[in-house]
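Notes for the structure review
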Amino acid sequence: MSPSARPKAAAAARATVRGRVQGVGFRDATLRRARELGVMGWVRNGPDGEVLVHVEGDVPAVAELLVFLHDGPPAAVVDGVEPETVKPEGHEQFAVRGVPAGVFVVQEHQATAHHYDLRLEVDGVMRSWAVPKGPSLDPAAKRLAVQVPDHALAHNTFEGPLGDGGVIVWDRGTYEQGGRVPWPEALDRGHAVFVLHGEKLRGGFALQRTRDGPKPQWLLVKRRDQEARSGSDVVTERPESVVSGATLAELTGDQVG
Ligand code: MN
């Protein structure tokens, strides 16, 4: 169904499910039931052994999913479900949250122009953006990110002199896909939300496309969460490679700075 043809959800609920509900296939079972019912939203493990669910859709279908949560899959022991009525958010998928979608890497690259290449693994390739000022943990910093060609995963570990400059692996880790729209459609539509689990970059980020064309321009913005650091400048504070500990200037023999 196209987004325009999809009726707006009539009802939405947030539920906390307590008991023996983690490590028993609860999230996958909820995902299957949600797809059977045609409801949208997400399921994730909470920090204290609970399962958290956001569900929206037709009133009877939302009610049916809440009924399911009282039992869960066969291995679960549900002690209680605390549902709360919330506003529909316009989700276009039902997703398992809090699970890695793949790897990410940020490579600091001295070429004709100095920049940082942000790469996210999507469907077997590294979708890539060149960020001249580098990423920031300050939610007030909106960083230009120019979309560049996809790279192979094999390039993620590259560090060394290159041409007149060089490359260091400035950060790396895994990431979670977020947002109301499934990936890679979220990227195609120009708004993608994700959570980074790197050594320097952590927490939620958003990429928002601002100009289309042969070299699409995006803005990379840190979302406001516990990992946000207002007023900080992580590329200055942590210039070193997460692989070798060397800075790009050290690696290239101080040709750059
Ligand atoms: Mn580059």
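Residues numbered from 1 in each chain as written. Predicted model: local features only at pLDDT ≥ 70, side-chain atom pairs only at ≥ 80, totals over all residues. Heavy atoms only, no water.

**Overview of the pattern of salt bridges**
Convention followed: Any Lys or Arg side-chain nitrogen found within 4 Å of a carboxyl oxygen on Asp or Glu counts as a salt bridge.
For the coordinates displayed, the defined rule picks out 11 salt bridges. When the shortest N-O distance is used, the salt bridge between Asp212 and Arg209 registers 3.7 Å. Through salt bridges with shared partners, a single network forms among Arg33, Glu36 and Glu64.

**Examining the coordination of the manganese ion**
Stated precisely, the cut-off is as follows: Counted as donors are N, O and S atoms no farther than 2.8 Å from the metal, or 3.2 Å for Na, K and Ca; water is not among the atoms, and sites may therefore look incomplete.
Within the protein, the atoms that donate to the manganese ion are His109 (ND1), His115 (NE2) and Asp117 (OD), at distances of 2.1 to 2.3 Å. Taken in chain order, the donor set of the manganese ion reads H-x5-H-x1-D.

**Observations concerning the domain arrangement of the protein chain**
Heads up, the condition is: These domain boundaries are the output of an automatic or database domain assignment. Buried area is a sum: the accessible area each of two parts loses on coming together, probed at 1.4 Å, counted once for each and added. Polar contacts, as used here, are pairs of N or O atoms within 3.5 Å; protein pairs need one atom able to donate a hydrogen and one able to accept it. Residues neighboring in sequence count only if both atoms are side-chain atoms. Gly is put with the polar residues, along with every residue not named as nonpolar or charged; the nonpolar set is Ala, Val, Leu, Ile, Met, Phe, Trp, Tyr, Cys and Pro, and the charged set is Asp, Glu, Lys and Arg.
Assigned domains of the protein chain: these are domain 1 (11-96) and domain 2 (100-252). Relative placement of domain 1 and domain 2: their C-alpha centres are 32 Å apart. Considering only the side of domain 1, the residues that lose the most area to domain 2 are His91, Glu92 and Gln93, jointly responsible for 76% of the buried surface there. The interface formed by domain 1 and domain 2 includes 1 salt bridge. Residues Glu92 and Arg189 are paired through a salt bridge, measuring 2.8 Å at the closest nitrogen-oxygen approach. Taken together, domain 1 and domain 2 are joined by 5 residue pairs in polar contact (both at pLDDT 80 or more). Across the side of domain 1 that touches domain 2, the residue classes break down as no nonpolar, 3 polar and 3 charged.

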